[in-house]
Structures are given as C-alpha cells and as structure tokens.
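# Results of the structural survey
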Amino acid sequence: MSAQLAAYSTSTGEAVQFWILGTVAVIGALCTVFMRKAVYSALCLAGTMIVLAVFYLANGAYFLGIVQIVVYTGAIMMLFLFVVMLVGVTAADSLKETIKGQRWLALLSGLGFGILLIAGIGNASVTEFTGLAQANANGNVEGIASLIFTKYVFAFEITGALLITAAVGAMVLTHRERTERARTQRELSEQRVRDGEYLPPLPAPGVYARHNAVDIAGLLPDGTPSELTVSKTLRERGQIRDVSMEALNDLKALEQRAEERLERKAVGPAGSGRPDTRPDSKRSEEASK
C-alpha cells in the first residue's frame, strides 16, 4: 500500500508548477468572462488554453498537449481573435432576450455541467489509477486511439455530430442570399441625384483637423465637425474622437496672432514713415476717395 501511495505522490516541482499555472488558468478564465472588450477576453482564453496544454504535457498526455496548442490555441482560438478584431464587437450589446427562457436554460446547462464536473473529479479521487507507464505502454497516441474507438466511441461520435451541427448552423445563420440584382455605381449615383442627397464624393476623415485618422471627424470651414466624413459603424459604436473644440481654439489663437502681427506692421500715410493712428472711419473714408 505504501508503494502505491509513493507512486501516486506528487513531487515538489509538480506541486509548484500546478499551483502557479493553476492560478494563472483561473485568472485567465475569470478575465475571459468579466473583460469588457471581446479581444481581451479572447486573449485571456488563449492563455488559459496554453496553460491546459502545459498540464497535459506534464501528465504524459503528449498528443493532447500538442493538439491543444496547435489546433485549439494556434488555429481555432486565433481565428476567433482575428474575426473579433476585423469585424469588431461593441460592449454596448442589447441585453434583451430574443428567445424566451434562454437564461433559465443557460443556468440549467451550467448546473448540469457543474454536476458532471464534480462527479468526474469524485470518480477520479476514489478510483485507483493505472499509471502513466501502463497507459502509454504502446505510445500515447495508440492509447488515446484505443480509448476513443472502443470505450468512448459513442461519446466521440455524438461530439462529432454536435460539432458538425454547430458548424452548419453557423453557416446558415451567417449566410445572406441576395434576392435582387446588385445596383451599379451609375445607378447609385442616379439615385442620389433623384433623392437630392450629397452628390459629390464624401470628404475624407480628418479634413481641416489636426489628424487624418479614420476615427476623427472632418471639420467644416467654420470648425464644426462633419458627420459625412466618418463611418456609420464607428459612429454607432461611439468610437469617434472629437477635435472640433481643439481646432476652434487653435483657429482663434491663430487669428489673434495674425491680428497682432498686422497691427504691428500697420503704417501711416505714404511717405510719413510713422504709424497711422487715425480712427478707422477716417482711414476708410480716404480709402474710398
């Protein structure tokens, strides 16, 4: 009995590795749920997946560890991250339920998953372990294959069917079939003329502003921002930087400096060589004559 306990005991290095990486994995999982921006949540989830891969490798499951890094973290998770970065997900999503009772269903699903997780951990704690040497006697890949295609074949098939159903459902939901012919540029321009909308090309972002970034509205000659210079998507997300007041202040300072410079350069009547100190009304009368 003591020999079996010694075989199942954990070394100091394994314990230190578990507590450090386990803490990092839990923090990453919590950040995935509570982060406001979807990009940060995806990065935290990727970090948690990498920690799980290290756990697999440390326990002798080399195939699962490599698959966890190459497939899940390196391919699927990075695909999610790039999609989020390209498409963009705002934090101001609607919290209104589109399907009645979905919160209760989500709560029941989470409760069922928790029960299964506790049952699995309890079963692992009371069952005698076979040991890594016996499990990987013919290689880690062969050991996993024998379990998947013999003992857990039905669970493997059901999981595959669920993944295929999810993929097909995602394609169906994102597919938008065009029901009419796409209009050409000429037809669009003619429609703008008939509707009396903005006819010339739209001004570029940042026109007359301090910066020409896409999230900065262009300024009109009077200093007010033009709504036509920024994308509607950025406007709906509230990601537009307003520099109109700063530009107006700079314009006022520039006009003030120009007035001061012109006053210093003002001279009197021709040939006198002295500044003209007469009132503006007399200067205007002489200029009109």
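A few points on the structure. (Residues numbered from 1 in each chain as written. Predicted model: local features only at pLDDT ≥ 70, side-chain atom pairs only at ≥ 80, totals over all residues. Heavy atoms only, no water.)

On to the packing of aromatic side chains. Enumeration according to the criterion identifies three aromatic pairs in this entry. Centroid distance Phe18 to Phe55: 5.9 Å. Interplanar angle 35 degrees. Geometry classified as tilted. Placement of Phe18 in helix α2 (residues 12–34) and of Phe55 in helix α3 (residues 38–58) is noted, with a sequence separation of 37 residues between them. What makes Phe18 partly exposed here is its relative accessible area of 45%. Where Phe149 meets Phe156, the ring centres are 5.8 Å apart and the plane angle is 65 degrees; that geometry is what we call edge-to-face. Residue classification places Phe156 among the partly exposed positions, given a relative accessible area of 41%. Grouped by ring-pair contacts, the aromatic residues Phe18, Trp19 and Phe55 constitute a single cluster. (Phe/Tyr/Trp six-rings, centres within 6.5 Å; stacked < 30°, edge-to-face > 60°. Helix = DSSP H or I, 4+ residues; strand = E, 2+ residues; numbered from the N terminus. Buried < 20%, exposed > 50% of the residue type's maximum accessible area, 1.4 Å probe, protein only.)

One broad trend across soluble globular proteins is that nonpolar side chains are buried collectively. Ala42, Ala46, Met49, Met77 and Leu81 form the largest nonpolar core, which has five residues in total. For this core, the secondary structure elements donating two or more residues are α3 and α4 (62–87). Top element by residues in this core is α3. It accounts for three residues. Each residue touching Ala46, except ones within four places of it in the same chain, is listed here: Thr73, Met77 and Met78. (Core = buried A, V, L, I, M, F, W, Y, C linked by side-chain atoms within 4.5 Å. Contact = heavy atoms within 4.5 Å.)

Structurally, Gln68 is set in helix α4. The residues touching Gln68, leaving out its near neighbours within four places in the chain, are Met49, Leu52, Ala53, Tyr56 and Thr73.

The axes of two packed helices give the description: the angle between them and the distance between them. Their axes nearest at 8 Å, the elements α2 and α3 cross at an angle of 155 degrees. On the basis of their axis angle, the class for α2 and α3 is roughly antiparallel. Judged by the sense of rotation from one axis to the other, the crossing of α2 with α3 is left-handed. Listed contacts from α3 to Gln17, Phe18, Leu21, Gly22, Val24, Ala25, Gly28, Ala29, Cys31 and Thr32 of α2 are Ser41, Cys44, Leu45, Thr48, Val51, Val54, Phe55 and Ala58. (Axes fitted to C-alpha atoms, helices over the stretch in contact; angles between N-to-C directions. Parallel < 35°, antiparallel > 145°, perpendicular 65-115°, else oblique. Left-handed = near helix turned anticlockwise from the far one by under 90°.)

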